Amino acid sequence: MNISQKLIFVFAGFVFLFSQVAQGTNTPDKPFTVIIDPGHGGKDPGAVFKQIREKDIVLGIGLKLGNYMRENLPDVKIIYTRDRDVFVPLHERAEIANKNKADLFISLHANYCGTPSITGTETFVLGLHRTEENLDVAKKENAVILMEDDYSTTYQGFDPNSSESYIMFEMVQDEHLYQSIDLAAEIQSQFKNRAGRKDRGVKQAGFLVLRRTSMPSVLVEAGFLSNNYEANYMNSDDGQAYLASAIFRAVRDYKKAIDSKSDYKLLASNTTTAAIPAAPKQEMITSESQVDGVYFRIQLAATSKKIEPVAANFKGLKDVERKQMNPVYKYFYGKTSSFEEIQAIKNEIVPLYPDAFIVAFEQDETIPLKKALRKLKP
Ligand SMILES: [Zn+2]
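Everything in this summary refers to the structure shown in the same document. (Residues numbered from 1 in each chain as written. Predicted model: local features only at pLDDT ≥ 70, side-chain atom pairs only at ≥ 80, totals over all residues. Heavy atoms only, no water.)

Counting its secondary structure elements, the chain contains 12 helices and 13 strands. Summarising the internal contacts of the chain: among those between residues at least 6 apart in sequence, 78% fall at separations of at least 24. If you sum the accessible surface of the chain, you get close to 17,900 Å²; carbon and sulfur atoms cover 50% of it. (Helix = DSSP H or I, 4+ residues; strand = E, 2+ residues; numbered from the N terminus. Contact = heavy atoms within 4.5 Å. Areas by Shrake-Rupley, 256 points an atom, 1.4 Å probe, with all protein chains shown as cover.)

Quick look at the structure:
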């Protein structure tokens, strides 16, 4: 077994253990609800290349995605913002999601740029763009509001074509950001591995449709219409099936992770410490400790008082490291260059430290997680 297989094996063991405890008490009152949002439609064709229109492609992918989910995730509720060729204003798309208290919002789009050789998929979460390129994508997608009646009132004077308008996204406090990034990373990974697409990474930009949703939300750019090959791929039945299947798998895995986390939470609140598993094996923690550049750790706590990082002080966790980071001491656990692995480790210690979170480092200095993820996906 390689390291990741071992991780999965150990992790699966924990999940099994917990599911025995949690069984019967974890009855969700509402089905897990996914909003599928094929962009554009009706009078708005989106990007157009020769006879190929973005609105048709993303509807095709969206309908296939819904079918895969119905077949394979029967307990998931699927809601479309549009399931035919009609124009739906951006704010209504978000309202549909909020009204239905959805758990996920997936907006589907296709890209277009002035350089025909550029190809690949990218998945966006809400935030301030870090590059002009990302800003351009948001501008293009947001420009659809110009087709809406009275857009100036609806969007409070937001001008989709003015760069200044986008400064407001710097102030966005998105409580679902990390979950959105999780899903976006999963989608990109599936695009690459399942559909063989070029992975342009998880990105951030100011999309109005994401701004108004109140759940983890992503905007998928499934490929470039400005590239002849990719346009034809996205326009083909096979291409759409691969892309939809990749997104389906990402949603399935994301939901699986959420479900196991809620089992943990239940366990943490309902059972005695005796049920809490022993600390994860040493091997998992040190397996990738020899890494250059970017790596991830889990921050367990921060204190103003100096505490010895011994197992007795950290609920049995060994190899906790203390770092003095003025004005406090911080305590870190695990170390790996793989974001997936650090997520798995975090999932294991959630029962012990429900508020633990992932921190990214570069050359032993902390850097924003988003920046680290970007570096991993150039
Ligand atoms: Zn679009």
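The next subject is the coordination of the zinc ion. With distances of 2.0 to 2.5 Å, the protein atoms coordinating the zinc ion are His-40 (NE2), Glu-54 (OE), His-109 (ND1), Glu-141 (OE) and Glu-141 (OE). For the zinc ion, the single-chain donor residues occur in sequence as H-x13-E-x54-H-x31-E. Taken as a pair, Glu-54 in helix α2 (residues 54-72) and His-109 in strand β5 (residues 104-111) lie far apart in primary sequence, 55 residues in all. Of the two residues, Glu-54 and His-109, both sit in the buried class. (Donors = N, O, S within 2.8 Å, 3.2 Å for Na, K, Ca; no water. Buried < 20%, exposed > 50% of the residue type's maximum accessible area, 1.4 Å probe, protein only.)

This part takes up the pattern of salt bridges. Tallied over the full model, the rule gives 16 salt bridges. For the salt bridge of Glu-230 with Arg-197, the shortest nitrogen-to-oxygen distance reads 3.5 Å. One end of the pair, Glu-230, is in helix α8 (residues 228-235); the other, Arg-197, is in the loop between α6 (177-195) and β7 (199-205), with 33 residues separating them in the sequence. The buried category is assigned to Glu-230, whose relative accessible area is 3%. Residues Glu-321 and Arg-297 are paired through a salt bridge, measuring 2.6 Å at the closest nitrogen-oxygen approach. In this pair, Glu-321 sits in strand β10 (residues 321-325) while Arg-297 sits in strand β9 (residues 294-303), placing the two residues 24 residues apart along the sequence. Overall, Glu-321 belongs to the partly exposed group, its relative accessible area being 33%. (Salt bridge = Lys/Arg side-chain N within 4 Å of Asp/Glu carboxyl O.)

Attention now moves to the sheet that holds strand β8 (residues 217-224). Taken in spatial order, the 6 strands make up an open sheet running β4-β1-β5-β8-β6-β7, and their pairing is mixed. At either margin of the open sheet sits one strand with a lone partner, and together these are β4 (77-80) and β7. Adjacent strand axes in the sheet meet at a mean angle of 25 degrees, parallel and antiparallel pairs treated alike. Both strand β1 (residues 33-38) and β4 contribute to a ladder of 4 bridges, which runs parallel. Note on β4: the bridge partner recorded for Ile-35 is Ile-79. (Pairing = 2+ DSSP bridges. Axes fitted to C-alpha atoms, helices over the stretch in contact; angles between N-to-C directions.)

Moving on, we get to the pairing of β8. Across the 8 residues of β8, 8 count as buried, placing the element largely inside the fold. Of the pairings in the sheet, the one linking β5 to β8 comprises 6 bridges and is parallel in character. Across the sheet, the residue bridging to Leu-108 is Val-220, located in β8. Judged from the 3 bridges that link them, strand β6 (residues 121-126) and β8 form a sheet pairing that is antiparallel. By the bridge assignment for β8, Glu-122 is matched with Glu-221.

Turning next to the nonpolar core. Generally speaking, nonpolar side chains in soluble globular proteins are found buried as a group. Counting 67 residues, the largest nonpolar core has Phe-296 and Leu-300 as its most contacted members. Three or more residues apiece are contributed to this core by two domains, here domain 1 (23-258) and domain 2 (278-376). Counting 25 residues, the second-largest nonpolar core is a separate cluster that includes Ile-35, Phe-124, Met-215 and Leu-219. (Core = buried A, V, L, I, M, F, W, Y, C linked by side-chain atoms within 4.5 Å. Domains from an automatic or database assignment.)

A few words on helix α3 (residues 90-99). Three or more residues of α3 are buried, namely Leu-90, His-91, Arg-93, Ala-94, Ile-96 and Ala-97. Buried positions along α3 lie against β1, β4, β5, α4 (132-142), α5 (151-154) and α7 (208-211). A positive backbone phi angle near 45 degrees is found at Lys-101, which sits one or two residues after α3.

Looking now at the pairing of β1. The element β1 is largely enclosed, with a buried count of 6 among its 6 residues. Residues Thr-33, Ile-35 and Asp-37 line one face of β1 and the alternating positions Val-34, Ile-36 and Pro-38 line the opposite face, and both faces are buried. Examined bridge by bridge, β1 and β5 share 5 bridges and lie parallel to one another. Residue Pro-38 lies in a different strand from β5, and its bridge partner there is Leu-108.

Looking now at the packing of aromatic side chains. Counting across every chain of the model gives 10 aromatic pairs. Ring plane angle 70 degrees and centroid distance 5.3 Å describe the contact between Phe-158 and Tyr-166, whose orientation is recorded as edge-to-face. For the pair Phe-158 and Tyr-166, a shared accessibility class is recorded, and that class is buried. Taken together through their ring pairs, the aromatic side chains of Phe-158, Tyr-166 and Phe-169 make up a single cluster. One residue, Lys-43, lies across the ring of Phe-87, its end atom 4.6 Å from the ring centre. If you follow Lys-255 out to its NZ or CZ, it ends over the ring of Phe-32, 5.6 Å from the centre. (Phe/Tyr/Trp six-rings, centres within 6.5 Å; stacked < 30°, edge-to-face > 60°. Lys NZ or Arg CZ within 6 Å of the ring centre and 35° of its normal.)

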